Amino acid sequence: MTKSRTIILLAILFYCVGVSELKAQQLPIFNQYFLNPYLNNPAFAGANDDTRAFLIYRRQWADIDGAPETQGFTLESRLKNTNLGLGLSLFNDITNILGRTGGFLSSSVDVNLSPNQKLKFGISLGFQQNRIYFDRIRADDGSDEAFLRDLDNRTTFDGNVGIAYSFKSLQLGAAVDQVFENRLKFQNSGDFNEIEFQLVRHYFLTAQYEFKLADKWALTPLVASRIAQGLRSQTDFNLKIQYDDLIWLNPSYREGFGFALSLGFNIEDTYSIGYSYEMPVQNALSVFGGNSHEITLGIKFKRKGKKGKSSKDAKIENQQLQKIDQKVNQQYEKLDQLSQDNETLKRDLKKSQETIDRQAAEIKKLQEVRLNYQQELAKEKQVSEVQPDEEVEKDASYYLVVGAFKDFSNAKKFQGIYTRKSGLKTKLVQSNTGTWYFIYTEGLSDLENIQKKVDQVANNGAKSLLVGKPWIFKKKSSEK
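Note that the coordinates shown come from a computational prediction; the quantities given were computed from them, not determined experimentally.

1. Focus: the nonpolar core
Point 1. The biggest cluster of nonpolar side chains holds 34 residues, and the ones touching the most others in it are Phe-405, Phe-414, Tyr-418 and Phe-438.
Point 2. Of the residues forming this core, the biggest block, eight residues, is contributed by strand β19 (residues 396-405).
Point 3. Tyr-418 has contacts with Val-402, Gly-423, Leu-424, Thr-426, Thr-441, Val-457, Asn-460, Ala-462, Leu-465 and Leu-466, leaving out every residue within four places of it along the chain.

Shown next, in the form of structure tokens:
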């Protein structure tokens, strides 16, 4: 094999590492990120009160020689009585002649936006070593000098950042890997041949919502998208089915690749075991037996204050806490509704007060007008008022009067105010001379029991508007 053919082989291999998964994805891909979200997003470091550790092993395309093989380890915990989390992640990834090993330290912080909302920020910093195993290249001529000369290992400093948002049962996440976009150059020390490539940024986006079902069941749809800078994205669709934190089943579909099925269970609320089987159906790997296996082992280290509790007691306590949280949230919602109602009442009260003030000003003005009319109205009443004991004339009409004005607009204003305060229907009638507008509550066909009606009108809710007592106006038939 010639040197040029070697370089071509390496270039093809670098390309093929990711093309079947994500068109040149440079990072290992996992299926069980729903079990350990810190694996892909540093914002989830210390997301739980207890310390958690996970071991991950993934064998990709198991029937293909030299296919990717990945080992990973994560450890994360929250600092006691703080909103800070710490994490450690280690990984080793080998694909035929390519190898990557790295370790990162993470830190996260929680920000409570409200009792139901939380925002998390996280950052990871560390080193990763990239290498090429030339001894694994199978060539016709094993003594070719191109394989006998070493290429450098390259260690780079890199970082990841992430953010997560949760609102009740909704959870969103976004992370960026390889933020520094380091450029790696492998150089042959003998003749200075070089192979160079760049670590591009990768984005990992997640969205999930947990539906609480009856009898301790929960259903969680989860969507995850991977995006390598400048390349096509790839999306996973998951549907996690879980019973009482004991066992879960997660069928998933990976866009452009195939299907996977994950199964796992918890033991005594301390140990977690998960297995995932992935089967390609939409690419050439399905012909060559490119099935993948992934195993996850987890352990939870409880804080000292929690030791001695059985799994059953812990579940009962958790259920009680959830009920308390639910009641607290309901109280917050009620307080929020009461606050809104209070604001509405304040606005209505202000409007009512403005209406009352305006009416009070109108009443005061009308009362001043009527005081000026007192002597003239007394003269009018001498000729047009009748007493309850008088005999009714057939050619006359009678009205129970509560107000009198010379100006029509003033009469209408008084009519509106009196009607609102008394609740009685009122009308206007002109005096016999046409000089006055009388506001009356009802027309009378006779004067029987009239005194009782007069007393009722005089003592209703609008009595403060009256000047004097209600009286009976007789309108002559010839002047109707």
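Right, picking up where we left off after that structure.
2. Thoughts on the packing of aromatic side chains
Point 1. Counted under the stated rule, the structure contains 15 aromatic pairs.
Point 2. Taking 5.9 Å as the distance between ring centres and 25° as the angle between the ring planes, the aromatic pair formed by Phe-414 and Tyr-418 counts as stacked. Of the two residues, Phe-414 and Tyr-418 both sit in helix α5 (residues 408-422), four residues apart, roughly one turn of that helix.
Point 3. When its relative accessible area of 2% is taken as the criterion, Phe-414 is described as buried.
Point 4. Note on Phe-438 and Trp-471: the rings are 5.2 Å apart at their centroids and 80° apart in plane angle, and the pair reads as edge-to-face. Taken together, the residues span a long stretch of sequence, with Phe-438 in strand β21 (residues 437-444) and Trp-471 in strand β22 (residues 471-476) at a distance of 33 residues. In this pair, the class of Phe-438 matches that of Trp-471, namely buried.
Point 5. One aromatic cluster is present, formed by Tyr-399, Phe-438, Tyr-440, Trp-471 and Phe-473 through successive ring pairs.

3. Describing the environment of Asn-432
Point 1. You can see Asn-432 is positioned in the loop between β20 (427-430) and β21.
Point 2. Spatially, the C-alpha atoms of Asn-432 and Lys-474 are 8.5 Å apart, while their sequence positions differ by 42 residues.
Point 3. Here the side chain of Asn-432 touches Lys-474 through a polar contact of 3.2 Å, landing on its backbone oxygen.
Point 4. Reaching out from Asn-432, the side chain makes a polar contact with the backbone nitrogen of Lys-476 at a distance of 3.3 Å.

4. A word on the pairing of strand β12 (residues 217-228)
Two faces make up the sheet, and in a regular strand the side chains alternate between them.
Point 1. Relative to β12, strand β10 (residues 202-209) runs antiparallel, the two sharing seven bridges. Looking at β12, one finds that Gln-208 is bridged to Leu-222.
Point 2. In terms of strand pairing, β12 meets strand β13 (residues 234-243) through 10 bridges, oriented antiparallel. Across the sheet, residue Ala-218 finds its bridge partner in β13, namely Gln-242.
Point 3. Two successive antiparallel strands, β12 and β13, enclose a turn made up of five residues, where Gly-230 displays a positive phi of approximately 85°.

5. Points about helix α6 (residues 450-458)
Point 1. All of the buried residues in α6 are Ile-450, Val-454 and Val-457. The buried residues of α6 occupy one face: seen down the axis, they fall within an arc of 65°. Across α6 from its buried face, at more than 90 degrees, point the exposed residues Lys-452 and Gln-456.
Point 2. Buried residues belonging to α6 abut β19, α5, β21 and β22.

6. Describing the sheet that holds β22
Point 1. Read across the open sheet, the five strands follow the order β18-β22-β19-β21-β20; overall the sheet is antiparallel. Every interior strand has two partners, whereas the edge strands, β18 (385-386) and β20, have only one.

7. Topic: the pairing of β21
Point 1. Pairing of β19 with β21, which is carried by six bridges, proceeds in the antiparallel orientation. The residue bridging Ala-404 from the neighbouring strand is Phe-438, located in β21.
Point 2. Pairing of β20 with β21 involves four bridges; the strand directions are antiparallel. Its bridge partner being in β21, Lys-427 is matched across the sheet by Tyr-440.
Point 3. In this antiparallel pair of consecutive strands, β20 and β21, the connection spans six residues, and Gly-434 shows a positive phi of 80°.

8. Quick notes on unusual backbone geometry
Point 1. Although it is not a glycine, Glu-268 adopts a positive phi angle of roughly 55°.
Point 2. Considering the arrangement of structural elements, one finds Glu-268 in the loop between β15 (258-267) and β16 (271-280).
Point 3. In this structure, Asp-269 is a non-glycine residue whose phi angle is positive, near 55°.
Point 4. The topology assignment puts Asp-269 in the loop between β15 and β16.
Point 5. On the basis of relative accessibility, which here comes to 27%, the residue Asp-269 falls in the partly exposed class.

9. Brief notes about α5
Point 1. Taking 1.5 Å as the rise per residue, α5 with 15 residues should run 21 Å; its terminal C-alpha atoms sit 21 Å apart, in good agreement.
Point 2. After α5 finishes, the residue Gly-423 shows a positive phi value of roughly 80°.

10. With respect to the pattern of salt bridges
Point 1. For the structure shown, the criterion picks out 17 salt bridges.
Point 2. In this structure, Arg-58 and Glu-278 form a salt bridge, with 2.8 Å as the shortest nitrogen-oxygen distance. Highlighted residues: Arg-58 in strand β1 (residues 51-59) and Glu-278 in strand β16, separated in sequence by 220 residues. Summarising the burial analysis for this pair, Arg-58 and Glu-278 share the class buried.

11. Quick notes on the side chain of Arg-254
Point 1. Here Arg-254 is to be found in strand β14 (residues 247-254).
Point 2. Judged by its relative accessible area of 4%, Arg-254 falls in the buried class.
Point 3. Within the structure, Arg-254 has its side chain in polar contact with the side chain of Glu-278 (distance 2.9 Å).

12. So, the confidence of the model for the protein
Point 1. Averaged over all residues, the pLDDT of the protein equals 82, while 82% of them reach at least 70.
Point 2. When mean pLDDT is taken per element in the protein, strand β7 (residues 170-177) scores highest with 96 and helix α1 (residues 3-22) scores lowest with 41.
Point 3. Per-residue pLDDT stays below 50 along residues 1-24; that stretch engages in 57 contacts with residues further than four places along the chain or on separate chains.
Point 4. Per-residue pLDDT stays below 50 along residues 145-151; that stretch engages in 25 contacts with residues further than four places along the chain or on separate chains.

Reading guide: rules and limits
- Residues numbered from 1 in each chain as written.
- Predicted model: local features only at pLDDT ≥ 70, side-chain atom pairs only at ≥ 80, totals over all residues.
- Heavy atoms only, no water.
- Core = buried A, V, L, I, M, F, W, Y, C linked by side-chain atoms within 4.5 Å.
- Buried < 20%, exposed > 50% of the residue type's maximum accessible area, 1.4 Å probe, protein only.
- Helix = DSSP H or I, 4+ residues; strand = E, 2+ residues; numbered from the N terminus.
- Contact = heavy atoms within 4.5 Å.
- Phe/Tyr/Trp six-rings, centres within 6.5 Å; stacked < 30°, edge-to-face > 60°.
- Polar contact = N/O pair within 3.5 Å; in protein donor to acceptor, adjacent residues only side chain to side chain.
- Pairing = 2+ DSSP bridges.
- Arc of directions from axis to C-beta.
- Expected span 1.5 Å × (residues − 1).
- Salt bridge = Lys/Arg side-chain N within 4 Å of Asp/Glu carboxyl O.
- pLDDT = per-residue confidence, 0-100.

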